Structures are given as C-alpha cells and as structure tokens.
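Commentary on secondary and tertiary structure
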Amino acid sequence: MTDNELPTLRWGIIGCGLISSWFVGDLVLSRSDAAAQHTIAAIGSSSVQKGKDFATKHCPAQTPAIYDSYKGVYDDLNVEIVYIGTPHPMHHANVMDAIAAGKHVLCEKPMAMNAQQGHEMAEAARKKGVFLMEAMWTRFFPATKELQRLIHADKVIGDVSAVWVDFGLFQPIKGRDPASRTASKRLGAGALLDIGIYSLTWASVVLDTVPNSSPNVSANMILSEHEDPNDRVDEQVTVVLQYPEQRAQAICTASLLYKSPEIFARIEGSKGSISVGGPAAAKPGFFFVKVRDEEERKLDFPVEGRGFYYEADAVALDIRAGRLEDETCPLSTTQTILSRMDGVMDLCGLSYT
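What you see is a predicted model, and the numbers here were worked out from it, not measured in a lab.

A tally of helices and strands in the protein yields 9 helices and 14 strands. In terms of C-alpha radius of gyration, the protein reaches 20 Å, essentially the compact-globule figure of 20 Å for 353 residues. Counting only C-alpha atoms, the protein reaches 60 × 60 × 35 Å along its principal axes. Within the protein, the fraction of its 353 residues that count as buried is 53%. Contacts in the protein between residues far apart in sequence, at least 24 positions, make up 68% of those at least 6 positions apart. As displayed, the protein offers around 15,600 Å² of accessible surface, 49% of which is attributable to carbon and sulfur atoms. Here the protein contributes 34 positive and 44 negative side-chain charges, whose respective centroids are spaced 1 Å apart.

So, in structure tokens, the structure goes:
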C-alpha cells in the first residue's frame, strides 16, 4: 500500500443491536471524503439467522462470515479489528477475549463499568500489542474539532469560566420492560452510563486542558422507582466540576425524564460565548459564536449518515501507522472519564456491583 492509498480495515462486529446497526450502516456508506475503506468481515450474534438478517439489512453489498458465537469472530483470521456493540456490563469480558485473540478493538462507550475494568483492558492491550479505543464518536466530529480549535488555539472567547451541558432523552424507566437494556440494572441501564458520559465528555473537551489538573466533583441523582432499592438506577443526574486552577466550572446534566432542546451546551468566556447544538449532545451539527461587540455567527457542519465513520476512519489510519492508541481519544482520557463517573456514583450511592 502506498501512502496515497486509502487504508482498508476488516471489521468483526460483536452484537447485532441498535448501536451496531448504526455503526455498520455508516461504515458501508459511499463517501467522497472518506479517509479509509471498511469491510464487514464477520458478524457474531446469538444465532446465525439473526446475524444473517443483520447483514442483509445493514450491509447488503458485503458478504461477512456469520457466527452464532462471539468466539467465531475472535478466531476469524480475516478479522483485523473487533467492534463491540454489546450492553455495557459485557464490555470487559468481550474486550479481554478479543485482545487475547490478538485483535485490535473499538468498544462502545462506556468502555467499562468502572475505572478498574478500564485499567485492566488498557494493560491487556498494551501487553498484547494491539490497538484499543473507546468508541466516543462525538470527539471525532468536524464540529467538535473546530470548536476545540476556536476555544484553545484561537481563544476566540478568551478564558473560559463556565460550561453548561445537558443531554435529555424522554425514556422514563417506569413502565418499560424491566428486563430490557434501558431499564435493567443488570444490563447497565441508567442516565449517567448511557448519556451522562456525553455531558462529561463535552466538559472534558473544553476544560481538561491543564496537565494534571483534576476538578473537584459534586453530584446528585434522581433514582428510578423500582420496589427493590438494589434495582434502582439513575433517571436524572447533575454533576458539577470545579477547576480551581482555571477558575472555571462545568455543570453537566443528563436525564431520561425529558427531551433536551436542540441547543445542548453553552460555553462562556471572558470575550464571548459559544452555543452548541445538534440532533443530540452525542451528535453536534452547528454552533453559534458570539464575541463581544461583534455580530453573532453560525457555523454549520452537515454530516452524511450518522457520523460514526469519523472515528472508524481515524482508527484505520492509526492502525496503518502502527499506533496502538488514538490521539483524539487516548486511553488516558477514557480512564479519566471512567474515574470521574466512579466518583459520581460513589457520591450518590449508586453501585453496579
């Protein structure tokens, strides 16, 4: 392969749920601006028929091998990297098995249920010499990259003092099937793990810029109404991050009790403000920049499909270059967010163990 040729990455897909369908659908899009090519080499599911149905619907032009176990994907010599789209509590075992088989791994967020699991995954990947990344796709959008450039390089709004981020989906747990992934504690349900991680990620994008600077954390939650207290998870969470050295703070909220508006974040600085919007906090599409004494301007970032290919292209380029981590979403950043969520759950008395 010459440097001018697009890298091609052969994917094994673990899990045939909604998030995997979105990811695969984006990988097989024909894009004029593609930085890599992607092949769905294998699919692992609970049954061959389910895997076949998934492939027919989401990657009909490709011919992946179909397995009725995840092990089949891990052992497939044609698979270079495994994408893990299973429920959160399965991530640790799935990642460790894929790494043990010598595969590179892209694992859906949160990559682990806690920081200890995340540390074990990272150590296993380093020892095996394989690539590992959490699939925090939001960090890879052009809108996110441009926002970081404007704030950190150009400093268009000066010194940032406050960040507000909200991610709300109207998906109340009451009335849902208690065995479903979005209601069952055993399957990792809850606002913080599902969507609060995005609010914390936006705060990190803006404020985690000073080396070794660790914010003070305070938090509270509204828990679900399960009769057994041990089954309760958070339906709403508020986290306040205070950065003393930067004289700044972030207020991060997430809720399953309401749908948040199109504008989901506001960043205030000494020279002005930026408001960020899009279909959801996970998928930024535009932002408004208002610098003092200047006319407000809007920057739009249209995205074909859903936008999962940005992270997938980055992974392909990393692997071709022999890198075992990605600069935009390194394992240290994932570990920081996992530790932060551990702290929030400890403060609020929520435990998944």
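Taking 1.5 Å per residue, 12 residues should reach 16 Å; helix 6 (residues 142–153) reaches 15 Å between its end C-alpha atoms and fits that length. When we look at burial in helix 6, the residues that qualify are Ala 143, Thr 144, Leu 147, Leu 150 and Ile 151. Summarising the axial view, the buried residues of helix 6 lie within an arc of 130°, below the 170-degree limit, and thus occupy one face. Where helix 6 is buried, its residues contact strand 7 (160–168), helix 7 (191–207), strand 11 (263–269), strand 12 (272–277), strand 13 (286–291) and strand 14 (297–300). Lys 155 sits one or two positions beyond helix 6 and adopts a positive phi of about 50°.

Moving on to unusual backbone geometry. Geometrically, the link from Lys 109 to Pro 110 is a cis peptide bond, its omega value of -20° lying close to zero. Structurally, Pro 110 can be placed in the loop between strand 5 (104–108) and helix 5 (115–128). Look at Lys 155: it is not a glycine, yet its phi comes out positive at around 50°. The residue Asp 293 is not glycine, and still its phi comes out positive at about 70°. Along the polypeptide, Asp 293 turns up in the loop between strand 13 and strand 14.

The subject of this paragraph is the packing of helix 5 against helix 9 (residues 331–348). Here helix 5 crosses helix 9 at 160°, and the two axes come no closer than 8 Å. The orientation of helix 5 with respect to helix 9, classified from their angle, is roughly antiparallel. In the packing of helix 5 onto helix 9, the handedness of the crossing is left-handed. Note on element contacts: helix 9 touches helix 5 through Leu 331, Gln 335, Leu 338, Ser 339 and Asp 342, opposite Ala 115, Gly 118, His 119, Ala 122 and Arg 126. Considered class by class, the residues forming the contact of helix 5 with helix 9 number 4 nonpolar, 4 polar and 2 charged.

Quick look at the sheet that holds strand 11 now. The strand order 8-9-10-7-11-12-13-14 describes an open sheet built from 8 strands, whose pairing is mixed. The open sheet terminates on both sides in strands that have one partner only, identified here as strand 8 (216–223) and strand 14. Mean inter-strand twist for the sheet, computed between neighbouring axes without regard to direction, equals 10°. Bridge analysis of strand 12 against strand 13 gives 6 bridges, and the strand direction is antiparallel. From the neighbouring strand, Val 276 faces strand 13, where its bridge partner is Phe 287. In the packing of helix 6 onto the sheet, the strands contacted are strand 7, strand 11, strand 12, strand 13 and strand 14, and the crossing angle to strand 13 comes to about 15°.

To continue, consider helix 7. With 17 residues, helix 7 extends 22 Å from end C-alpha to end C-alpha; this agrees with the ideal 24 Å at 1.5 Å per step. Its axis deflected by about 40° at Ile 197, helix 7 carries its strongest bend there. Burial runs high along helix 7: 17 of the 17 residues are buried.

What follows deals with the UniProt feature "domain: GFO/IDH/MocA-like oxidoreductase" (unreviewed entry) in the protein. The feature "domain: GFO/IDH/MocA-like oxidoreductase" (unreviewed entry), as given by UniProt, occupies residues 149–274 in the numbering adopted here. Secondary structure over residues 149–274 splits into 17% helix and 36% strand, and the C-alpha atoms at its two ends are 13 Å apart.

Now for the sheet that holds strand 3 (residues 65–67). Adjacent strands of a sheet form backbone hydrogen bonds with each other and so pair up, either parallel or antiparallel. Spatial ordering of the open sheet is given by 3-2-1-4-5-6, a layout of 6 strands whose pairing is parallel. Every interior strand has two partners, whereas the edge strands, strand 3 and strand 6 (132–135), have only one. Sheet twist, expressed as the average angle between the axes of neighbouring strands with direction ignored, equals 25°. Relative to strand 6, strand 5 runs parallel, the two sharing 4 bridges. The residue bridging Cys 107 from the neighbouring strand is Glu 134, located in strand 6. Packing against the sheet, helix 4 (residues 91–100) makes contact with strand 1 (8–14), strand 4 (81–84), strand 5 and strand 6, and its axis sits at approximately 170° to strand 5. Taken strand by strand, helix 8 (residues 309–321) contacts strand 1, strand 2 (37–44), strand 4, strand 5 and strand 6, and its axis lies near 120° from that of strand 1.

Right, let's talk about the pattern of salt bridges for a bit. The final tally for this structure, using the stated rule, is 13 salt bridges. Across the pair Arg 181 and Asp 194 runs a salt bridge, and its minimum N-O distance is 3.0 Å. Of this pair, Arg 181 sits in the loop between strand 7 and helix 7 while Asp 194 sits in helix 7, and the two are 13 residues apart along the sequence. Taking the relative accessible area as the measure of exposure, Asp 194 reaches 11% and is therefore buried. Ionic pairing is found between Arg 323 and Asp 318, a salt bridge with its closest N-O pair at 2.7 Å. Judged by relative accessible area, which is 4%, Asp 318 ranks as buried. Salt bridges sharing common partners tie together Glu 123, Arg 126 and Glu 325.

Looking now at the pairing of strand 14. As judged from the 4 bridges shared by strand 13 and strand 14, these two strands associate in the antiparallel manner. Bridge assignment links Phe 288 to a residue of strand 14, and that residue is Lys 298. Hairpin connection, strand 13 to strand 14: the antiparallel pair is bridged by 5 residues, and Asp 293 has positive phi, about 70°.

Reading the values: rules and limits
Residues numbered from 1 in each chain as written. Predicted model: local features only at pLDDT ≥ 70, side-chain atom pairs only at ≥ 80, totals over all residues. Heavy atoms only, no water. Helix = DSSP H or I, 4+ residues; strand = E, 2+ residues; numbered from the N terminus. Rg over C-alpha atoms; globule rule 2.2 N^0.38 Å. Buried < 20%, exposed > 50% of the residue type's maximum accessible area, 1.4 Å probe, protein only. Contact = heavy atoms within 4.5 Å. Areas by Shrake-Rupley, 256 points an atom, 1.4 Å probe, with all protein chains shown as cover. Lys, Arg positive; Asp, Glu negative; His and termini not counted. Charge placed at Lys NZ, Arg CZ, Asp CG, Glu CD. Expected span 1.5 Å × (residues − 1). Arc of directions from axis to C-beta. Axes fitted to C-alpha atoms, helices over the stretch in contact; angles between N-to-C directions. Parallel < 35°, antiparallel > 145°, perpendicular 65-115°, else oblique. Left-handed = near helix turned anticlockwise from the far one by under 90°. Nonpolar A, V, L, I, M, F, W, Y, C, P; charged D, E, K, R; others polar. Pairing = 2+ DSSP bridges. Bend = angle between axes of the 7 residues up to and from the residue. UniProt positions renumbered as here; feature names shortened; annotations may be inferred. Salt bridge = Lys/Arg side-chain N within 4 Å of Asp/Glu carboxyl O.

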